[in-house]
Structure formats: C-alpha cells, structure tokens
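Structural overview for review
Here's the letter readout for the chains.
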Amino acid sequence: MSVPTVPRRIRSIPYLLLAPALIVIVGVLGYPLATLVQISFQKYGLAELLKGSGSWTGLSHYTDIVGDSFFWGVVGRTIVFTAVNVALTVGAGTLIALLMRKAHRAVRLTATVALVAVWATPGLVAIAVWQWMFDYEFGVVNWLLTKLGAGDFTHHNWFENPVQGLGVVTAVIVWGAVPFVAISLHAALTQVPDEVVEAAELDGAGRLQVFRYVILPVIRPVLALLTLLQIIWDFQVFNQVWVMTGGAPTEGYYLIGVYSYVQSFGVGDYGSGAAVAVVMVLLLALVAFGYVRGLLRKEQTQ
Amino acid sequence: MLTCRSVMLAIGAALALTATAACGGNGSSNSSGKPEKITIWLQPEAAEWSATVDKVNAEFKTKYGIEAVVQTQQWEDHLTKLDTALAGTKAPDVVELGNTETAKYLAAGAFADLTAHKAEFENSDTWAKGLTDSCTYEGKVSCVPYYGGSRAVIYNKSLFAKAGITDTPTSLDELYAAADKLKAKFGSDPNFSAFYLPGRQIFAGMSFVRDYGGDIARQDKDSWRGTLDAPQAQQGLAAFKELVTKYSKADKTGGDRTQDATFAKGKVGMTYGLSWEIDAIIDPKRAGNPAMKDKIGAFPMPSHTPGQTMPVFLGGSDLAIPAKSRNQEWARKWLALYTATAPQSDLAAKGLIPNSTKLLDKVPDAAAPFAEAARKTWFTPVAENWITVEKKSILQNLQVSILTGKAGLPDATAKASKEITEILNTRG
Amino acid sequence: MSTGTLARTATPTRPGKPPAAPARRRRGGRGLASNLALLAISAVMFFPIYWMAVTAFKPGPEILSYTPHWLPSRFTLDNFTAAVDRPFFWSGVANSLLVVSATVLIALVVAFLGAVALARFEFTGRQLFVAMILVVQMVPAGALIIPIYLMLNRAGQTDQLPGVVLAYLTFVLPFAIWMLRGFVVNVPVELEEAALIDGCNRLQAFRRVLFPLVAPGLVATAVYTAIQAWNEFLLAYVLISTPEKQTMTVWLASFTTTRGTEYGPLMAASTLAALPVVIFFALAQRRVVSGLTAGSVKG
C-alpha cells in the first residue's frame, strides 16, 4: 500500500504535508525536550530553577536510579499494572465496539451516550465519584456487597491493602479509558464492508474466524495505535493513585508515576525528575519500537 | 474546493490568533518608576472575605495610585504553577502559600527578605509563633503570616446531654471518661464513634507527641535528628493509639475526607477538627446538615496534665513577595495594608486565627475554643527537606502502622526517626 | 466506485470451510443477545455518571448517607444555582469552547495532511518522524510543564488562550496524525485513481472519495481532541493566570478548598459541563458515522 502513486516526481509533497505538524510539535516541544534531557545530567533544584541554570553532575541521577533496588521493584509493579489495565481496556473496548456494530440503532445510541458521558467527565470529578462509591463510611459498593450477602463490608477499607486498592484504581482507569477505545474502534469498524462479513458467515466462518480474518486486518492499524497509547498512558498513571490514597500512598502503591513525583518533582528535585522521565521513555521505547517496527513491516508486506 | 477553503480558513484563523496574541502583551510595570498595577495571587478561600480584599485594594489605590489585581488560584497543582512562574519573567508580586509549604522556597531564596522591613507590618511583634516559624529560615524572615486554622474538639451537645455529660473535659482522663459514657449509651450502633479520629490525622497524633514532651525532629547546630523514638514521643503516640482504638470507628488507615459528613449524621460524639469544620458540618453544599446548627460545641483539646490544653498545630497560610517581583516596594506596602489590624479583625470575625496573638479576642464566641487552643501551638521542623518527609507520608505511615498493629511502637518509631534523620540531613 | 473494489482489497484471506449451519437464524439470536449485553455494559458504565447527576439534585444531607438514596427525596436546584452563580462560570465555559474549537479545527486539518503524507508516500525521514511522534507521546506532561511554560513565556504566550491552544496541539497532534493515518491507509489508492480517471481533479477526488471514507476517523479524532482539550487541567492552570481567561476545568477545581469540597455544586457543575459534549457527539455520531459514510460508500 505504500507504493507511491503519482507523486514520485514531486518529492517535496510529503514534506509540505507534514510541515505544519512538524512546525507545531518541534516548535513547541523541541526546546522543552532538549531542556529535559539537559537537566537530567544536572543538579537542578528550586534554587537552580530560579537562576535558570544548573551545575553538571554527569550521570549521577541515572546511577542513583538504576542502582536503587526499590526502583526496579516499582518498575516491575508498574509493568504488571500496565499489562492488566491495557488488556482490560482494550479487551472491553473491542468487545463494546463489536457489539455496537451488531446492535439496534437505539441501543447503539444509548451505548454511545453512555460512553461519551463517561469520556466527557473531567478526571477530577470522576475520581471524586469513584471515591464516594468505594468510601469507607458511605460507599455504595460496601453497602451493595453487604446487601448481596458477599459478607460484611461495613467499614471495609478498599485502600488498606495495596492490591485491592490498585484494583479499584484499575476500575477507575479502565472505566475512563474504555470509551476512547470503543468509539475509535467503532469508527474503524465502519470501514469493514458488511458484504464481506456476510459472505464469510455464509461460507460458514465462525465468529472468531470472521473477526480474525475479515475484521482484524481492517482495524489493525487503529487497534495497534490504541493499544500502544494505552500502554503509554497506563505506564504513567499518577493522579488516580495519589488522590484515591489521600495523597499518602504506602510503598505498595508506588507505580513509576508516583515514584517520580515523590522522589523528585513533588519535592522540587527537577534534575532527578527529568532523569526518571528519560528512563521511563527509554523503557517505553523498548516496548514500543519493536512493536511499531513489526507493525510497519506487516503493513508493507500486505 | 470547499475543503480547500476550509483548510485556508483554519490556517488563517490560527495565524490570526497568534497575531492578536503577539500584540496583546501588557507591559504594565517598569522597574524604575511606579507601576500601574501589581498582581496578587490569593487562594480561593479569599472569596469568603472578598469585601475585605476589595476594601484593602481601594485603600491601596487611593493611597498610592496603584491598582492591586487579585488573581484567585486553586490548590490543586498550585506549587507547580508557583515554580513555573518563579522561573519565568512574569512572577506575581504577592503569593499565598500553605505554611507547611514554605521551607523549600525560603531555603532557595525564592522570596524577598523582609527582615529589615518587619517593623512596617502592624502587629509583627505579636505574630503567631506557628506562622512566624514557617516564615523564618536561618534567622531571616521572608514571608508574612496571613491567617491560621486551629484545631479543637468539636462535640455533639445533644449526645453529650443524653449521655449525662455536663461539663466539657479539662484533662485527657476526663475526656476518656466522657468517651466511655458516650460509648456505653450509643455504642450499639456500629457506625457510632465516641471520638471520631481517622488514622492519618497526623496533626492529632503529633499533638499528642508534643503534649508528652516529644518532638518530630530536633536540630543540633546544622544537623537534624529524628526524635520520634524518644520515650516521651512514644508515650504520646501510645495515648493517641488508646484514644483511636478504643473510641473511634473512623478509618484507621484513612484521612478526614468524610469526617464532617459523618459528624453531620449525628453518629459522632466528639472529633478533632478545624474551626471552619463547624460550618462544613451544617453546610448542605458540603454534604452537611443544617439541622445540626445548634447541636455543635467545641472545647480545646485537653492535655494529659489536668487543667492545661494540648499544644495545637497551627495550619494556615503565609503571604510572600517573590524575589523576582519587579514591584517589591509596592508589594510590601500592599502586604502591610492587607495584614494590618483591620483586615485581620475581619478574618478573625470569620472564625479564623488572626496572624497576631493580640487579635485573638476578635474571634467570635463560636470559635473562641479554637482561639484558646491556639495560645499553645507547635510547628513542623522548618528544614529545607521537610517537604520530602511529607511527600513520602512518613508520619502518616507511622501512625497507620501503629494503629493497625502492623508494627510495635518501638520498631515503628525507630524506623520513622531513622528515615526523618536521613531525609532532613540530605544536602541539596 | 463499486463496493467490489473495496471488498477485494480489504479481504486478504477468506476462510475456505464448507458452508455449515443456517447462518441466518443464528444471526438473529445473536443480535438479541448482543443488544442485551450492550445495554448491560452501558448501564454499568453509566452508573457513576448517574450517581454524579443524581447527586447534583440532592439536598445536602442526602449526598453522603449510610443507605444510598437512589433518587433524591426532593429534587433541588440549589446546587445548580450555586454552580452557575459562582464567579467565572460563564467565562469559563466560553473560554473552554474557544480553546476546544480552535484546537479541534487546527488539529484536524494539520493532522489530516500529516496522515496523508504518512499513509500515501514513502520518503526519507518517514521512520524518523514516526519515531518522533511516538516519543513525544511517551514523555510525561508533568516533566515538560516548566520548560513549556518558559518557552511560551519567552514568546509572550503565557496568560494567553492561543498559548494554551498551541500547547494542546502538541499533545493531541501525534495521536491525531497516527490515528488518521490508520484510516487513510485503509482507503485503497485504486479508488482515488479511479476517480481521477473519471475526470475528477485531485480536490474532487479527495472530497468525493477519500473524505467520506475517512470521515468516521475524522469524527473520532475530533472527539478525542475535543475531550482532551476540554478536560485538560494542568497546562491550562499553569499557563493562565487571569481568572477571566481560565477554562472550565480550572474553574471546577475552585470547588475544593481547605474548607472541604462543595460536592453538591461540583457535581451540578460537572453535569452541566458534560451535557453539551454528550449532546454534540450524539448528534455528530448519528449524522456522520452512520449517515454520511454508509451513503457515500454505497452510492
């Protein structure tokens, strides 16, 4: 599909098309990104921020991080957390999108309204509502579980045990992210021709086969992108954990986003914060590049 | 064609936006002469006394011919915003900070040194200690106390009456006795707390530490030492643990987010709270219950020494002039007006603790117990790295582990002390 | 432009099993099941929103209670009045609308052009560009906030809404380009060529062929961009100082002070804020996704 059709003679066309995007992204982010990398090699606290210049410390921030066994524990926890969240989000989102394709118009509209309403809820409010639902004293969830006979959940604290607490955080995150995945995939699904699906079904293809051989090839680019984005976002989760633990997470709650805040940004150590950010990007890039390369290659061979 | 036109329109619009923006800069101040205006960042509580702010600004305008522009900020991410503004060239001329947030800025020299100008501020000789401490670093005063919030025991009068308690307690033992009576009378309700106290309330736990003569950390010369493992501190924490485990149904691992709503349900005999929590309990907007209005009373938290009150942590706000402000002289004049007796009396009338002990009697009767408690205050160590202790939740985690029995007092306090010592002594 | 062309290119393999069971009957049953499943999922998804909206109508003491009030004992509009009467509500709404529409408009145009370049052309630096927009997504915004501020400050764009738009663009563009690329890739080049041969010029070919097929992607991207911009807090808060210029989300944060959170008005305000987005999208979804595409692909 990447065969250049007309424009081989006009080489500048793709660059012209990309120019506006490049100008905005490089223009606004180029300098900040360079600064970020630069101060990750510097002693850069509040005093240096006020002066506008730090003093070089070489690799010390990086060796501190890499040498910190606690950090690697945090990375491990973050990877597990990310994997669970991404799997749930993308799985549920795909399921909803597929269901929407089949659904009656009115049902689809209902689903769309529910999804968009969730999506349009500002993070601050979403967290407040979920906090209520899982509240120790007044939570609907505790009340409901007790009523349903799941045991006595009166005064059950969901955040005492970090595994449970991160479970609630997962619910909040998946709930908030599913609409984006579902709606984007639903849009991608409109490109799947009904006739082909019907023909496949008439040929006796099962549901999974139809999905795998007919639908997946069409939505693959979008699905891949959504998965990648979810990985990137879930890897950086901070706010939900911070607010839902009342701003005092115990060590079992330390994801890499929390770690970087507590260790550096929250206390004004921008140099080491920048180093953590760079390490995060490198870790993510490890995952992403293999993945993207595979993706691009697959498209080229098709 | 249509598409093409819309592309051009969009690009045109973008250019137009940028163009207008480029022309829209307002160069209001020049460093040499008198500015047309100064910019002041206040936190959103100031909306409650906006009349006072307006009055001060009007006075400032007539006196000096300068407009004071107040820009209300939010608490969420406000330090991030402050940091960026301090790094840039458009720093405001006056900023408000919570008094536990100042140390880092004082250590970095982010605020103008006011030591030589202290006399320009009315009542500066009687500034509340808890607030002044938060503005003083290595002997230099770099901010001005704004107002404080003091804590006292808030109690449910009608439950007290029903349980046959006639006098408010004046010692910890009397407090326990009252709590026993409440528990005997209402304890069958699983949601009832004779004394509601969530486990992460460090300003309660640490007040006990102070009451028994302990400290969070002490400074000898230029090094810090965490002292929560000292015997007095452990005694205080033991007393705190007894109060919580015996009388509180509140979340041992949680904060005070629903404290006022729980009190408003009438399920709480006593709690330890700030003066304005009384308003929250009866405010329907904050999930409170207006019907509680006449049932709420307060008394200072009693000490274990009969007849005395327990030292209270004075939370609150300070006002500072960023060192980068180009209008420092005028900012000082505005600050002098805003922190003087008249505006402070207005704040006191709202139940806040004014910046000067001299004005404590301006506090209305309902808030008088809080003002009474504020005569004996303590403050967290003013050390450059104190904020790290806060962000790492060391005190909260200490209390939680003691209360849930995850660790014994000696072990938990030894661990916390060690961590605090390490953090406070880390150099830059 | 027959559907045949599209079908051929979009189906790489077709399972070659012999026809089995009567597909038609099974499909009907599945339809009911999937409708019910979707309704159930929607209900679960919607519950927190319902809880927010119903709280907005509750009198104070019912907002938090030991036994949940599924409906208020009496509907009150006090919370809505308190929210709307709060200073800077209307300016917040206006600023948010302005920022959102500018961001969406510019992002769509710029991203679409970029997407065509990535999907239709092979050129030196393509891989580099792809790598770049991915890396940009990976850097936590919190780590960039100070340098971004300093840069916009130097350009005189702090405390200016266009500065906010510019900052938002950098955060939505990488995704928008990449997303749209996925849609453009799926439109066979042959379709466009057929249109060119039929005598359309490039723009017409774009308008009649590419645009309708990519429209769902444009809508999805627009919604993504709009919601990101509408919900963003940190950049808007840090970049804007003048209260008159602050956006809706920043205004929402003012319900939380050291005195506690005004839950009732906060929920009322969020309900009000979510409403226009939901209505707008429900309309857009129906018209564009189902109507426009289906019509033009088949016609």
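Residues numbered from 1 in each chain as written. Chains lettered and ligands numbered in written order. Predicted model: local features only at pLDDT ≥ 70, side-chain atom pairs only at ≥ 80, totals over all residues. Heavy atoms only, no water.

This next bit is on the overall build of chain A. In terms of helices and strands, chain A carries 13 helices and two strands. Residues classed as buried in chain A amount to 57% of the 302 residues present. For chain A, the share of sequence-separated contacts (at least 6 apart) that also reach a separation of at least 24 residues comes to 66%. On chain A, roughly 11900 Å² of surface is accessible, and the fraction owed to carbon and sulfur atoms is 65%. Counting 17 positive and 16 negative side-chain charges, chain A places the centres of these two groups 15 Å from one another. (Helix = DSSP H or I, 4+ residues; strand = E, 2+ residues; numbered from the N terminus. Buried < 20%, exposed > 50% of the residue type's maximum accessible area, 1.4 Å probe, protein only. Contact = heavy atoms within 4.5 Å. Areas by Shrake-Rupley, 256 points an atom, 1.4 Å probe, with all protein chains shown as cover. Lys, Arg positive; Asp, Glu negative; His and termini not counted. Charge placed at Lys NZ, Arg CZ, Asp CG, Glu CD.)

This part covers the interface of chain A and chain B. At the interface, 31 residues of chain A touch 33 residues of chain B. Roughly 2500 Å² of surface becomes buried between chain A and chain B when both sides are summed, with 53% attributable to carbon and sulfur atoms. Together, A:Leu46, A:Leu50 and A:Phe138 form the three largest contributors to the area buried by chain A at its contact with chain B, with a combined 22%. Applying the counting criterion to the chain A and chain B interface returns eleven residue pairs in polar contact (both at pLDDT 80 or more). The set of elements that each furnish at least two residues to the side of chain A that touches chain B consists of α2 (46-51), α6 (123-133), α11 (239-244) and α12 (256-263) of chain A. Of the residues forming the side of chain A that touches chain B, the biggest block, four residues, is contributed by α2(A). (Buried area = accessible area lost by both parts, 1.4 Å probe. Polar contact = N/O pair within 3.5 Å; in protein donor to acceptor, adjacent residues only side chain to side chain.)

A few words on the UniProt feature "domain: ABC transmembrane type-1" (unreviewed entry) in chain C. Feature annotation in UniProt assigns "domain: ABC transmembrane type-1" (unreviewed entry) to the following positions: residues 93-284 of chain C. Annotation note: span residues 93-284 of chain C, helix share 80%, strand share 2%, distance between end C-alpha atoms 21 Å. (UniProt positions renumbered as here; feature names shortened; annotations may be inferred.)

Okay, the interface of chain C and chain A next. Contacts between the two partners involve 112 residues from chain C and, on the opposite side, 111 residues from chain A. Here chain C packs against chain A, burying approximately 10400 Å² in sum over the two surfaces, 77% of which is carbon and sulfur. Our enumeration of links across chain C and chain A arrives at zero salt bridges. One can count eleven residue pairs in polar contact (both at pLDDT 80 or more) joining chain C with chain A. Here the side of chain C that touches chain A gets 19 residues from one element, more than from any other, and that element is helix α2 (residues 23-56) of chain C. Taken together, the residues that form the side of chain C that touches chain A break down as 78 nonpolar, 20 polar and 14 charged. (Salt bridge = Lys/Arg side-chain N within 4 Å of Asp/Glu carboxyl O. Nonpolar A, V, L, I, M, F, W, Y, C, P; charged D, E, K, R; others polar.)

Moving on, we come to the UniProt feature "transmembrane region" (unreviewed entry) in chain A. All names here are of chain A. What UniProt calls "transmembrane region" (unreviewed entry) maps, in this numbering, to residues 12-34, 79-100, 112-133, 166-189, 210-233 and 270-292. With 100% helix and 0% strand, residues 79-100 has its two end C-alpha atoms placed 31 Å apart. Helix makes up 100% of residues 210-233 and strand 0%. Its end C-alpha atoms lie 31 Å apart.

With that settled, consider the environment of A:Val262. Here A:Val262 is to be found in helix α12. It is 18 Å that separates the C-alpha atoms of A:Val262 and A:Leu166, two residues lying 96 residues apart in sequence.

Another aspect to go through is the sheet that holds strand β8 (residues 193-196) of chain B. Residues and elements named next belong to chain B. Within the open sheet, the four strands sit side by side as β8-β11-β7-β12. Their pairing is mixed. Both outer strands of the open sheet, β8 and β12 (296-299), are each paired with one neighbouring strand and no more. The mean inter-strand angle of the sheet, taken between neighbouring strand axes irrespective of direction, is 25 degrees. The sheet contact formed by strand β7 (residues 151-156) and strand β11 (residues 268-274) spans five bridges and is antiparallel. Opposite Ile154, over in β11, you have Thr271 as the bridge partner. (Pairing = 2+ DSSP bridges. Axes fitted to C-alpha atoms, helices over the stretch in contact; angles between N-to-C directions.)

In this section: the domain arrangement of chain C. In many analyses, interface size is given as the accessible surface area lost on bringing the parts together. Residues and elements named next belong to chain C. If you check the domain split of chain C, you get domain 1 (33-76) and domain 2 (87-295). On a C-alpha basis, the centroid separation for the pair domain 1 and domain 2 is 30 Å. Across the interface of domain 1 and domain 2, roughly 470 Å² is buried in total on both sides, 87% from carbon and sulfur atoms. Considering only the surface of domain 1 that becomes buried against domain 2, Met52, Ala56 and Ile63 emerge as the three largest contributors, covering 75% of it. The tally of links from domain 1 across to domain 2 stands at zero salt bridges. Taken together, domain 1 and domain 2 are joined by zero residue pairs in polar contact (both at pLDDT 80 or more). Among the elements that line the side of domain 1 that touches domain 2, the one with the most residues is α2, at four residues. Here the side of domain 1 that touches domain 2 is composed, by residue class, of four nonpolar, one polar and no charged. (Domains from an automatic or database assignment.)

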